[in-house]
Amino acid sequence: AELKHGRICMLATTGILVQEVIRLPGDAFSAKFALDAWAQAPRGGMLQILVAIGLIEMVSNRFAITATTMFQNPARVPGDLGFDP
């Protein structure tokens, strides 16, 4: 989990830095700071993101979502998410 979450944090940091330089047109994208953008986003969009993240986590853990079942597979390798792009 540390590798996956570390990669997500690196992508988030890159997104924050890119946001300082590149702007999308429109009033919905006018927020300068990341926390302001979070407050301007529609609640339905935030709910969609939360559901998508939950589904990705469940599928990547093969629906073993409790702490006792998540690590039972002896063939599990940390950082191996089952794909190699």
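Residues numbered from 1 in each chain as written. Predicted model: local features only at pLDDT ≥ 70, side-chain atom pairs only at ≥ 80, totals over all residues. Heavy atoms only, no water.

J.: Just to check I follow, could you spell out the overall build of the chain for this structure?
T.: A tally of regular secondary structure across the chain gives four helices and zero strands. Ordered by position from the N terminus, the helices and strands of the chain form the series α-α-α-α. At 17 Å, the chain has a C-alpha radius of gyration far larger than the 12 Å of a compact globule built from 85 residues. Viewed in the frame of its principal axes, the chain has a C-alpha envelope of about 50 × 25 × 20 Å. In the chain, which comprises 85 residues, the share counted as buried stands at 6%. Accessible area for the chain stands at about 7,400 Å²; split by element, carbon and sulfur atoms hold 70% of it. Taken together, the 7 basic and 7 acidic charged side chains of the chain have centroids lying 2 Å from each other. (Helix = DSSP H or I, 4+ residues; strand = E, 2+ residues; numbered from the N terminus. Rg over C-alpha atoms; globule rule 2.2 N^0.38 Å. Buried < 20%, exposed > 50% of the residue type's maximum accessible area, 1.4 Å probe, protein only. Areas by Shrake-Rupley, 256 points an atom, 1.4 Å probe, with all protein chains shown as cover. Lys, Arg positive; Asp, Glu negative; His and termini not counted. Charge placed at Lys NZ, Arg CZ, Asp CG, Glu CD.)

J.: Explanation requested: the layout of surface pockets in the structure shown.
T.: To find the voids left in a structure, one rolls a probe of water-molecule size over its atoms. Size it by volume and the largest pocket reaches roughly 820 Å³. As for the largest pocket, its lining consists of 25 residues, of which Gly 15, Gln 19, Ala 37, Trp 38 and Ile 49 are closest to the centre. Among the secondary structure elements, those contributing two or more residues to the lining of the largest pocket are α1 (2-19), α2 (34-40) and α3 (43-60). Sort the elements by how many residues they give to the lining of the largest pocket and α1 lands first, with seven residues. Across the lining of the largest pocket, the residue classes tally to 18 nonpolar, four polar and three charged. (1 Å grid on protein atoms, 1.4 Å probe; cavity = no way out; pocket = protein on both sides within 12 Å on 5 of 7 lines; lining within 4 Å. Points joined across faces, edges and corners; volume = space filled by probe spheres on them. Nonpolar A, V, L, I, M, F, W, Y, C, P; charged D, E, K, R; others polar.)

J.: Quick question: what am I supposed to make of a nonpolar patch on the surface here?
T.: A surface patch of nonpolar side chains, about 390 Å² in accessible area, is lined by Leu 47, Leu 50, Val 51 and Leu 55. Tracing the backbone shows Leu 55 in helix α3. (Patch = residues over 30% accessible without salt bridge, like charges linked within 9 Å, V, L, I, M, F, W, Y side chains within 5 Å. Salt bridge = Lys/Arg side-chain N within 4 Å of Asp/Glu carboxyl O.)

J.: Could you clarify how one ought to interpret the environment of Asp 36 in this entry?
T.: You can see Asp 36 is positioned in helix α2. Taking the relative accessible area as the measure of exposure, Asp 36 reaches 41% and is therefore partly exposed. The sequence separation of Asp 36 and Met 70 amounts to 34 residues, and the corresponding C-alpha distance is 36 Å.

J.: Hey, could you run me through the confidence of the model for the chain in this one?
T.: Predicted confidence across the chain gives a mean pLDDT of 80, with 93% of residues reaching 70 or more. At the level of individual helices and strands, the chain shows its lowest average pLDDT in helix α4 (residues 67-70), which scores 74, and its highest in α3, which scores 88. (pLDDT = per-residue confidence, 0-100.)

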